[in-house]
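Remarks on the overall topology
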Amino acid sequence: MKVPFRCLASLIAVFFFGSAWAQPQDTRTMRLASAVPMDHPYNIGARKFADLIKERTNGRIEIKLYPSNQLGKGEREMTEGVQQGAIDLLVSSTGPLGGFSPSINILDFPFLFRDFTHVDLVLDGPIGRKLLDDFEKVQIKALAFWENGFRHLTNNRGPVKKVEDARGLKIRTMENKVHLSAWKAAGLNPTPMAWGEVFTALQQKVIDGQENPIAVFHSSKLWDAAQKYFSLTAHVYSPSPFLMSQKVFEALPVEDRELFLKTALEVGKFQRKINRDAEEEKLLEMVSKGVHVVRDVDRESFKQAMSPIYDQFGGQFPRAQIEAIMNAE
Ligand code: EAX
């Protein structure tokens, strides 16, 4: 029986280059950055995303993780890296992002969200999608909302139950004009700072306190930076857009773009759940490290004290836009 030449050739090739041929044609490696340590829910989500993308591209796309500001001093610098295409992927709080896509700052208003269910309703709906799509105007592809969490006030001076107890505290805030204004209105002395500088500034008592979700406090071990008082103020919800370089995204074949979008949304739900489910356990561990957790905070006192900023920013964020989020059911 005469074997046609072409199949003979391919049989010989499989025999010689079997493994090579089975190799994915063009593997590529992408870098995924964040400002927080590996055990923070950002990176548990990032790990899951990387594994799913590798699996779903049969190993064609490898994603390496760069936690703890390895690729930049803070989220603002790393977002610039995404914009320039130097960093492929970044999980960032909204902290400095208003400087890139101003509309995202609407999510930084205090006491905007009732609870996590309300958060998901808005972020996974048309309002959330529009805020993500606005980033395309600045060469950033915002794939999905991952989560930082509700932010809480911490300090080294004493237990804070009501806003009066916090007056005069010198605290670090993110590089975010809405947050700065909210804390000024509440009578504190806020100063903007990149996350990478905060631990030392707390240790050296340059600042008395800061505000962040439980997972950031826990993963950064702020009890070692003299942060002995943790008040559950939940004064603002902190979403974390999962960002991608638009250049890198658009250079992908269409099916890979769809895969990145779909997987980012899927992992977003997973990441939010692991963040929320772990909070109570982390609080208990913080207590075991000597942190005084104030649970019965008079949140209304903070709400009243911060409310003037709604009018202050009324020009950029009209009441109607704010209420569309607040009243979402
Ligand atoms: O995104 O800067 C901050 O306080 C952020 O919460 C932190 O970098 C995690």
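You'll find the structure just up there.
The paragraphs below set out a description of the structure included in this document. (Residues numbered from 1 in each chain as written. Predicted model: local features only at pLDDT ≥ 70, side-chain atom pairs only at ≥ 80, totals over all residues. Heavy atoms only, no water.)

Side note on the overall build of the protein
- Per the secondary structure count, the protein includes 15 helices and 9 strands.
- Referenced to the eigenvectors of the C-alpha coordinate spread, the extents of the protein come out at roughly 95 × 45 × 35 Å.
- Taken across its 329 residues, the protein has 53% of its residues classed as buried.
- Carbon together with sulfur atoms contributes 56% to the accessible area of the protein, which is approximately 14,500 Å² in total.
- Looking at charge distribution, the protein has the averaged site of its 42 positive side-chain charges lying 3 Å from that of its 40 negative ones. (Helix = DSSP H or I, 4+ residues; strand = E, 2+ residues; numbered from the N terminus. Buried < 20%, exposed > 50% of the residue type's maximum accessible area, 1.4 Å probe, protein only. Areas by Shrake-Rupley, 256 points an atom, 1.4 Å probe, with all protein chains shown as cover. Lys, Arg positive; Asp, Glu negative; His and termini not counted. Charge placed at Lys NZ, Arg CZ, Asp CG, Glu CD.)

A few points about the packing of helix H2 (residues 41–56) against helix H11 (residues 254–277)
- Put simply, H2 and H11 touch, their axes get as near as 9 Å, and they point 145° apart. Crossing geometry of H2 relative to H11 is assigned as right-handed. In this structure, H2 uses Pro41, Tyr42, Ile44, Gly45, Lys48, Phe49, Leu52, Ile53 and Arg56 to contact H11, whose residues at the interface are Leu259, Phe260, Lys262, Thr263, Ala264, Glu266, Val267, Phe270, Gln271, Ile274 and Asn275.
- Its residues assigned to classes, the contact of H2 with H11 shows 12 nonpolar, 4 polar and 4 charged. (Axes fitted to C-alpha atoms, helices over the stretch in contact; angles between N-to-C directions. Left-handed = near helix turned anticlockwise from the far one by under 90°. Contact = heavy atoms within 4.5 Å. Nonpolar A, V, L, I, M, F, W, Y, C, P; charged D, E, K, R; others polar.)

Description of the pattern of salt bridges
- The final tally for this structure, using the stated rule, is 23 salt bridges.
- Each of Asp120, Asp124, Glu147, Lys269, Arg272 and Arg276 takes part in salt bridges that share partners, so that together they form one network. (Salt bridge = Lys/Arg side-chain N within 4 Å of Asp/Glu carboxyl O.)

Describing the side chain of Thr154
- Examined against the element boundaries, Thr154 turns out to sit in strand E4 (residues 140–155).
- Classification of Thr154 as buried rests on a relative accessible area of 0%.
- A distance of 2.6 Å separates polar atoms of two side chains, one belonging to Thr154 and the other to Gln227.
- If we skip the residues at most four places from it in the chain, Thr154 touches Asp208, Gly209, Gln210, Phe217, Gln227, Tyr229 and Phe230. (Polar contact = N/O pair within 3.5 Å; in protein donor to acceptor, adjacent residues only side chain to side chain.)

Comments concerning the site of the ligand
- In the vicinity of the ligand, the contacting residues are Ala35, Val36, Tyr42, Glu75, Ser93, Asn148, Arg151, Arg172, Met174, Trp195 and Asn212.
- At a separation of 2.8 Å, an oxygen atom of the ligand approaches a polar side-chain atom of Asn148.
- Here Asn212 contributes a side-chain N or O atom positioned 2.7 Å from an oxygen atom of the ligand.
- If the ligand stood free it would expose 260 Å²; the protein chains cover 99% of that surface.
- Residues that form the shell around the ligand fall into these classes: 5 nonpolar, 3 polar and 3 charged. (Near = heavy atom within 4 Å.)

Focus: the side chain of Ser238
- Considering the arrangement of structural elements, one finds Ser238 in strand E8 (residues 229–245).
- A distance of 3.1 Å separates a polar atom in the side chain of Ser238 from a polar atom in the side chain of Arg151.
- Sequence-distant contacts of Ser238, defined by excluding residues within four places in its chain, comprise Ser93, Glu147, Asn148, Gly149, Arg151 and Met174.

Some words on H2
- The end-to-end C-alpha distance of H2 is 22 Å, a good match for the 22 Å that 16 residues give at a rise of 1.5 Å each.
- Positioned one or two residues after H2, Asn58 has a phi angle of 50°, which is positive. (Expected span 1.5 Å × (residues − 1).)

A closer look at the packing of aromatic side chains
- All told, the structure shown has 13 aromatic pairs when counted by the stated rule.
- On the basis of an interplanar angle of 75° and a centroid distance of 5.6 Å, the ring pair of Phe49 and Phe260 is categorised as edge-to-face. Of the two residues, Phe49 sits in helix H2 while Phe260 sits in helix H11, which places them 211 residues apart along the sequence. Each member of the pair, Phe49 together with Phe260, is buried.
- A centroid spacing of 5.6 Å and a plane angle of 80° characterise the contact between Phe109 and Phe317, whose relative ring orientation is edge-to-face. Placement of Phe109 in the loop between strand E3 (89–91) and helix H4 (116–123) and of Phe317 in the loop between helix H14 (308–312) and helix H15 (319–326) is noted, with a sequence separation of 208 residues between them. (Phe/Tyr/Trp six-rings, centres within 6.5 Å; stacked < 30°, edge-to-face > 60°.)

Topic: the environment of Ala305
- Along the chain, Ala305 falls in helix H13 (residues 299–306).
- Considered as a pair, Ala305 and Met286 are 19 residues apart in the sequence and their alpha carbons are 28 Å apart.
- Among all residues touching Ala305, those that are not within four sequence positions of it are Val163, Arg167, Ala185 and Ala186.

Considering unusual backbone geometry
- Of note, the phi angle at Asn58 is positive, near 50°, even though the residue is not glycine.
- Note on placement: Asn58 falls in the loop between H2 and strand E2 (61–66).
- Backbone geometry places Ala234, a non-glycine residue, at a positive phi of 40°.
- Within the secondary structure layout, Ala234 lies in strand E8.

Some words on the pairing of E8
- Most of E8 sits inside the fold, with 16 of its 17 residues counted as buried.
- Both E4 and E8 contribute to a ladder of 13 bridges, which runs antiparallel. Each bridged residue has a counterpart across the sheet, and for Leu153 the counterpart in E8 is Ser231.
- Sheet topology places E8 next to strand E9 (residues 292–294); 3 bridges connect them, and they run parallel. Looking across to E9, one finds that Tyr229 is bridged to His292. (Pairing = 2+ DSSP bridges.)

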